[in-house]
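Coordinates in review
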Amino acid sequence: MGPKTKKPGNKKKKISKAERLRQLQEEEERRQKEEEEARLKYEKEEMEKLEIKRIEREKWRQLEAKWKHYIQCDGSPDPSVSQEINTFISLWKEETNETFEEVIGKSKLVLNQASTLADLDSGNMEKVIQDENITLYVWANLKKNPRYRSVRFSETQIGFEIPRILATSDIALRLLHTHYDHVTPLRPVPTSLQEHTSTITNLVRDEEKNLEAAISKEMQEECKQEENESNSVHEEEIKVEDQGETEVKMSSVQEEPEVTKCELEMKLISETVLAAQLLLLENAHEKPSDLDDNEVDLCQFTTLGGVYHLDILELPPQCKPMKGWMVVEILKEGLQKYIYPPETTEDFETEYSFPPIEVTLEVHENVIFFEDPMVARWDAEGKHWKTDGISNVSYKSEERLITFNLETFGPVTLIQDSHINMPYQSWELRPLDVNKVLLSVTTIFAEIQIQIKENLCMLASIKVNNKKHSSILEGRWMTPVSFITALKEAGLNIFPTRHSHFYVIINYKVPLTEMKAYRQMALLSSAFAFGWSRWNMLCDSKKVVFKVREHLRKEEPIEDPNWALLMFSGDRAQRLKIDEYSDTFSEALKEETEFHSTLYHMVKDFASEEAMEKIRSSNDQFIDSVGHMLLLTRVLSYS
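Since the structure is predicted, the reported quantities are computational estimates derived from the model, not experimental observations.

This brings us to the overall build of the protein. What the protein contains, in helices and strands, is 11 helices and 23 strands. Within the protein, the proportion of its 639 residues that are buried is 41%. Carbon and sulfur atoms form 49% of the exposed surface of the protein, whose accessible area is close to 37800 Å².

Set out below in structure tokens:
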């Protein structure tokens, strides 16, 4: 027999060690690739979610800023934003209610589980829950130790000094700090301002209707005249010619009303803008007088840093272990407020048994107080802020801590004089480049520098008591309305209102003169610097005096630049013979100069061609933004 032939077997081919390592390496690379793809997908989804949230917050902030500008500038309402305002009000209420429901739900959940979250050292429970715009502090008195009367939340100085009767009671303390003010009611726009705005609009619209009626009547008469003149109806050629002439005349008549209507619309817009700007400069005739005792005058003071909601709550039933289960009693009515002091105190000496509670709060880091802040409490019945029931107020500026005694708990806020930085000591508007300027306002406490480019504004820098101060607003470009709102909320209020002249000494100027000066300064701001002059106080209210000089380079201003003094009355501009250091004021015209009707024609007498070219190339949005900022700071009246 020959040798047996090997049958093809099912033996697997033996894999070499190198092949095995290669396969393992490929599997590892594939796994890493899948993990990387999953990570990138997750990051992309998270970025999309964050972008959606950012867009929603931006829309909300813009709408909120538009609404705040709508009522804080004390101007008449803009009909174009009425629908957005109504939308904002409904959204604002829904957002506020939802937020508070969530906060109440969180505090209720925490207090129901207080015994399981108790601190090992004190035996009591404390919890801090922080969000972007809300911070919640909760403390539960589990041990009821009469010697434990100082409540401090961990890693903060925020807390309370409670009396003995509370230290031995089943209570919880809740401090809800909303970083925004949602309690102060919105001020309605005065009826007189609405009527003033609508007057010009109605006049121009009536003129437009009358003109349209006159044009329509003229067209009818033309057509009737043409029909009477075409008597040769039997001749076809003559009839065709007459019809052709009629059509040409009718088309020309139709073109005329279109042009006239466009001109009227432009006139309507111009007159409406003019009226709105004048309203920003008009002062109220009467000071708010219908204030209760100790009520905070919101025309004089501003709430800053949000609202602190202080509540004493009855401690809800706690969890108890029972046969391996955790049993807790659920109250249908939810958390109940603890009345302190009690409504009936016949058996006690009130001042001794129920003393005020000492409260220590931390001032929001993004808010500047130039003087010690005042504390106000919310009067729910009168719907306003009051200063009674608060005593022993002390403020540590370095630690940003304020301590005070409060008789009854409820919403409290910190307030500051709205006009603490008024009147200004000086101001300067200096070009940085085409369509970019720097507005500097110096007050007794601060020096505020604002950059303006195109339709955006930015806080460039701020010095407080001659020291550099950092602010979250620095370097953030915003629209003028949003920017002004942000500055006010940060305590940097350099924007007078209709009632400001009742609380600060001003240099009154006729609104029309002041408005024309701001508009023409804005037009020239790309190439000329403007500044405060001490002679503006000495000229009469129908005229304004300020410094001006050509400024084409980006370098810092020199110590004593060669300023010229201009006086402007709204319809006449002139260069004064005196300078800033003259002994007496004089309206004498400078030699070899002339009177002009506008500032533009005035500066042409001594401006270079490069300066005039920069002015001609200025952007309309930029000019409007500069003019808007000057109108709201009112540097000519409040310096």
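A few words now on the pattern of salt bridges. For the coordinates displayed, the defined rule picks out 13 salt bridges. Among the ionic pairs, Lys-337 bridges to Asp-311, the shortest N-O distance being 3.4 Å. One end of the pair, Lys-337, is in the loop between β8 (325–327) and α6 (350–353); the other, Asp-311, is in strand β6 (residues 301–314), with 26 residues separating them in the sequence. On the basis of relative accessibility, which here comes to 11%, the residue Asp-311 falls in the buried class.

So, about the sheet that holds strand β5 (residues 171–178). Reading across the sheet, the seven strands line up as β1-β2-β5-β6-β14-β10-β11 and stay open at both edges, with antiparallel pairing between neighbours. Each edge of the open sheet is held by one strand with a lone partner, namely β1 (125–130) and β11 (384–386). Put simply, the sheet's adjacent strands are angled 25° from each other on average, direction ignored. Relative to strand β14 (residues 411–417), strand β10 (residues 374–379) is paired through four bridges, and the arrangement is antiparallel. For Ala-376, the partnering residue across the bridge sits in β14 and is Thr-413.

For the protein, per-residue confidence averages 80 on the pLDDT scale, and 76% of positions sit at 70 or higher. The spread of mean pLDDT over the elements of the protein runs between helix α2 (residues 82–112), the lowest at 55, and β14, the highest at 96. Long-range and interchain partners of residues 230–253, a stretch whose pLDDT sits below 50, account for six contacts in this model, where long-range means more than four residues apart.

Next up on the list: the nonpolar core. The biggest cluster of nonpolar side chains holds 67 residues, and the ones touching the most others in it are Ile-450, Phe-528, Phe-530 and Phe-546. Here this core takes seven residues from helix α11 (residues 620–633), the largest share from any one element. With residues up to four places along the chain from it excluded, the contact list for Phe-546 reads Trp-427, Met-521, Phe-530, Gly-531, Ser-533, Ala-564, Leu-565, Leu-566, Phe-568, Leu-599 and Leu-636. Judged by nonpolar contacts, the second largest core, of 33 residues, contains Phe-160, Leu-310, Val-363 and Leu-406.

Taken together, the side chains of Met-266, Ile-269 and Val-273 define a hydrophobic patch exposed on the protein surface, amounting to about 280 Å² of accessible area. Residue position: Val-273 is located in helix α5 (residues 236–281).

Within this structure, the stated rule accounts for seven cavities of 30 Å³ or more. In this structure, the largest cavity spans a volume of roughly 60 Å³. If you go around the largest cavity, the residues you meet are Thr-302, Leu-304, Gln-416, Asp-417, Ser-418, Ile-420, Asn-421, Lys-488, Gly-491 and Asn-493. If you list the elements that add at least two residues to the lining of the largest cavity, you get β6 and β14. In the lining of the largest cavity, the residues fall into two nonpolar, six polar and two charged. Roughly 60 Å³ of internal volume is contained in the second largest cavity. In this structure, the second largest cavity is lined by Lys-108, Asn-112, Pro-316, Pro-317, Glu-329, Ile-330, Leu-331, Gly-334 and Leu-335.

What follows is about unusual backbone geometry. Put simply, Tyr-340 and Pro-341 share a cis peptide bond, and its omega is -10°. Along the chain, Met-422 connects to Pro-423 via a cis peptide bond; the corresponding omega equals -5°. Mapping Pro-423 onto the fold places it in the loop between β14 and β15 (426–433). Although it is not a glycine, Asn-294 adopts a positive phi angle of roughly 65°. Positive phi outside glycine occurs at Asn-465, with the angle close to 55°.

Procedures and definitions
Residues numbered from 1 in each chain as written. Predicted model: local features only at pLDDT ≥ 70, side-chain atom pairs only at ≥ 80, totals over all residues. Heavy atoms only, no water. Helix = DSSP H or I, 4+ residues; strand = E, 2+ residues; numbered from the N terminus. Buried < 20%, exposed > 50% of the residue type's maximum accessible area, 1.4 Å probe, protein only. Areas by Shrake-Rupley, 256 points an atom, 1.4 Å probe, with all protein chains shown as cover. Salt bridge = Lys/Arg side-chain N within 4 Å of Asp/Glu carboxyl O. Pairing = 2+ DSSP bridges. Axes fitted to C-alpha atoms, helices over the stretch in contact; angles between N-to-C directions. pLDDT = per-residue confidence, 0-100. Contact = heavy atoms within 4.5 Å. Core = buried A, V, L, I, M, F, W, Y, C linked by side-chain atoms within 4.5 Å. Patch = residues over 30% accessible without salt bridge, like charges linked within 9 Å, V, L, I, M, F, W, Y side chains within 5 Å. 1 Å grid on protein atoms, 1.4 Å probe; cavity = no way out; pocket = protein on both sides within 12 Å on 5 of 7 lines; lining within 4 Å. Points joined across faces, edges and corners; volume = space filled by probe spheres on them. Nonpolar A, V, L, I, M, F, W, Y, C, P; charged D, E, K, R; others polar.

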